[in-house]
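Observations on the three-dimensional arrangement
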Amino acid sequence: MLKVVGGGGGQDWACSVAGTGLGGVEAAIEVARPGDRGAGGGGGARRGSAEVPDSAPRAGMLQAGTAGPAHAGQGAEEVGESAGGGEERRARRPRAPAPRLLNRKPPGGPEEREAPENDLRGDLSRAPPAAPPAPGMGDRRGPPGPPAITGAPAANGLPHNGFHPPPGCGRDPAGGGDAAPPRLAFLSELPPQPLLPQHDAPAKKCRLRRRGDSGKKHRPPFPWFGMDIGGTLVKLVYFEPKDITAEEEQEEVENLKSIRKYLTSNTAYGKTGIRDVHLELKSLTMCGRTGNLHFIRFPSSAMHTFIQMGSEKNFSSLHTTLCATGGGAFKFEQDFRMIADLQLHKLDELDCLIQGLLYVDSVGFNGKPECYYFENPTNPELCQKKPYCLDNPYPMLLVNMGSGVSILAVYSKDNYKRVTGTSLGGGTFLGLCCLLTGCETFEEALEMAAKGDSTNVDKLVKDIYGGDYERFGLQGSAVASSFGNMMSKEKRESISKEDLARATLVTITNNIGSIARMCALNENIDRVVFVGNFLRINMVSMKLLAYAMDFWSKGQLKALFLEHEGYFGAVGALLELFKVTDGQ
């Protein structure tokens, strides 16, 4: 510690500088201005809160050229002066900029520590001239020079670490004039010092580490899920990181590893859970991490089993946010909290639907377009699937076909409205098929429908007119009355379960297509995008919708479809997870 003590008019002033060397060796120095101590001294200088008498030499201080060790761990201190009626006020800082001093081993040491590149050498040359130091100070030989410090690393008499002089070093508080600070070496007097490379400086390393960790501050902890809990199906998307470092893997908790292994090593979960492997998005970058996005579904009736599994796997200990959308996010919120100790972050399903759709379309389907349409939909022999570019999607009519149906007019990412909907959707199809055919699952109902003939169940235009209704361009094969032939006992006895399943599918699909076409005309929109799990593995309905849009609009309307039909709500919930974390 370098401490300068002086005063006038009965007042003392002091300046202290601390230096800590390698190995914890320290030193301090006190310089007394002639005439300040002894006669005329108006009281001892205050050091911290301890009174030090003027007559007593301080332990560990160099007084009038004598040297001694300082207390270990002692740092630079600010010294207050007694002014007026005992009121203590802080001294003011000097005019000269605070230099950062060079760093050396103690005299006789084997090597020198190199100074950081950003030391303040240039500021040394601008320091005000100082009075010559007291003769004999330190144990240097030769002509008088800057104060030497024993017991601590020094470079040309300067402490090894940079310092900022405390208030009071540059001005005499009693006389108001400038006091001469202790003699410091100028830049020209310092020997050349080799510098460390910038990247080796500890401060630089710390900055780089902070910069590398900055992205982690707003990154949610794994696992990353998004859920869409619908009336019939639960859709779950899971991001599997593929860029896990060795350090991360070592620190990863066991139940997190267990969850990842369970979800990614199986394609079926219990009797009803399915991972749609063909829909997996690979090498996807989300929130600065690279991995695969998995798509999983199971019936909403198995929701309590899922919640119980989350409790058994101690999911709540992972401190992750579970973002969920759909009506089930509200219906099962209390069950998540009571059984699995999980708090759901509930989201609007239509917001998530649009955000998820736009995101998946923007990243594509593993190098292929996400969107497609059917070319020549009115000609079964020439009808074929073609990719469609949805780079400029607005405006579009978005028809979400789940248990029920919602129809949205979307004008931009954040500007949309729900035009209308219908209660006759995928849930209606499955429910009627279960009643009419005895099937149990959506897959079974579609398999039966693919083998059936709906014309045995429906009454057609030709059944009424004997042919086409030419005045209005109605073909004889058009359906005049769905299930109209079931009024006849003879017809009822001749039909099969497959015919009933097919007629049910056609009825629901034609109804949705008719409503969508009218909405598109009212909103003056020529692109109709059909999504939802009703279209999953449902080629019959997709071709029927493509046919209806093209035929009844005379080619003005185009029906568009997407590969990940019913998962967009869950993807939107996953994207919201990153926003929630950023907000925190």
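The structure contained in this document is the topic of the report that follows.

1. Concerning the sheet that holds strand β23 (residues 405-412)
- Taken together, the 7 strands give an open sheet; going across it, the order is β21-β20-β28-β27-β22-β23-β24, and neighbouring strands pair in mixed fashion. Every other strand in the sheet has two partners, leaving β21 (384-387) and β24 (415-422) as the edge strands with one partner each. Each neighbouring strand pair of the sheet contributes to a mean axis angle of 30°, computed without reference to strand direction.
- As paired strands, strand β22 (residues 396-401) and β23 are joined by 6 bridges and run antiparallel to one another. Opposite leucine 398, over in β23, you have leucine 408 as the bridge partner.
- Relative to the sheet, helix α8 (residues 349-363) contacts β20 (371-375), β22, β23, β24, β27 (527-531) and β28 (558-562), its axis offset from that of β22 by approximately 110°.
- Of the strands in this sheet, β22, β23, β24 and β27 touch helix α13 (residues 497-523), which is tilted by about 140° from β24.

2. Observations regarding the packing of helix α10 (residues 442-451) against α13
- One can describe the packing of α10 onto α13 by two numbers: an axis separation of 7 Å at closest approach and a directional angle of 100°. One way to sum up the angle between α10 and α13 is to call them roughly perpendicular. Residues Ala445, Leu446, Met448, Ala449, Ala450 and Lys451 of α10 touch α13, and the partners they reach there are Lys497, Glu498, Ala501, Arg502 and Leu505.
- For the contact of α10 with α13, the class distribution of residues is 7 nonpolar, no polar and 4 charged.

3. Observations regarding unusual backbone geometry
- Note the cis peptide between phenylalanine 222 and proline 223, where omega equals 5°.
- Note that proline 223 resides in the loop between α2 (202-217) and β12 (224-229).
- Going from tyrosine 394 to proline 395, the amide bond is cis rather than trans, its omega being -10°.
- Look at asparagine 366: it is not a glycine, yet its phi comes out positive at around 55°.
- By the element assignment, asparagine 366 lies in the loop between α8 and β20.
- Overall, asparagine 366 belongs to the partly exposed group, its relative accessible area being 39%.
- Its identity is not glycine, yet lysine 554 carries a phi of approximately 55°, on the positive side.
- Relative to the helices and strands, lysine 554 is located in the loop between α14 (539-552) and β28.
- Lysine 554 sits in the exposed class, given a relative accessible area of 74%.

4. Describing the packing of aromatic side chains
- This structure, assessed with the given rule, holds 19 aromatic pairs.
- Ring geometry for phenylalanine 222 and tryptophan 224: centres 4.5 Å apart, planes at 35°, overall tilted. Taken as a pair, phenylalanine 222 and tryptophan 224 share a single burial class, namely buried.
- Taking the centre distance of 5.7 Å and the plane angle of 70° together, the rings of phenylalanine 374 and phenylalanine 561 count as edge-to-face. Highlighted residues: phenylalanine 374 in strand β20 and phenylalanine 561 in strand β28, separated in sequence by 187 residues.
- Taking relative accessible area as the criterion, phenylalanine 374 reaches 6% and is therefore assigned buried.
- Given a relative accessible area of 1%, phenylalanine 561 falls into the buried group.
- Among the aromatic residues, those joined into a ring-pair cluster are Phe222, Trp224, Phe239 and Phe578.

5. Remarks on the pairing of β23
- Burial within β23 is extensive, with 6 of its 8 residues counted as buried.
- Judged from the 7 bridges that link them, β23 and β24 form a sheet pairing that is antiparallel. Bridge pairing in β24 places serine 406 opposite glycine 421.

6. Observations concerning the state of the cysteines
- For the structure shown, the criterion picks out 0 disulfides.
- Considering cysteine sulfurs only, cysteine 389 is the nearest to cysteine 371, which forms no disulfide, with 8.7 Å between them.

7. So, the layout of surface pockets
- Looking at the largest pocket, its volume works out to about 990 Å³.
- Along the walls of the largest pocket sit 34 residues, with Val479, Val506, Asn510, Leu544 and Tyr547 positioned nearest its centre.
- Those elements giving two or more residues to the lining of the largest pocket turn out to be β26 (479-481), α13 and α14.
- Here the lining of the largest pocket is built from residues that sort into 16 nonpolar, 12 polar and 6 charged.
- The space that makes up the second largest pocket amounts to roughly 810 Å³.
- For the lining of the second largest pocket, the per-class residue count stands at 14 nonpolar, 18 polar and 9 charged.

Criteria and cut-off values
Residues numbered from 1 in each chain as written. Predicted model: local features only at pLDDT ≥ 70, side-chain atom pairs only at ≥ 80, totals over all residues. Heavy atoms only, no water. Pairing = 2+ DSSP bridges. Helix = DSSP H or I, 4+ residues; strand = E, 2+ residues; numbered from the N terminus. Axes fitted to C-alpha atoms, helices over the stretch in contact; angles between N-to-C directions. Contact = heavy atoms within 4.5 Å. Parallel < 35°, antiparallel > 145°, perpendicular 65-115°, else oblique. Nonpolar A, V, L, I, M, F, W, Y, C, P; charged D, E, K, R; others polar. Buried < 20%, exposed > 50% of the residue type's maximum accessible area, 1.4 Å probe, protein only. Phe/Tyr/Trp six-rings, centres within 6.5 Å; stacked < 30°, edge-to-face > 60°. Disulfide = S-S within 2.5 Å. 1 Å grid on protein atoms, 1.4 Å probe; cavity = no way out; pocket = protein on both sides within 12 Å on 5 of 7 lines; lining within 4 Å. Points joined across faces, edges and corners; volume = space filled by probe spheres on them.

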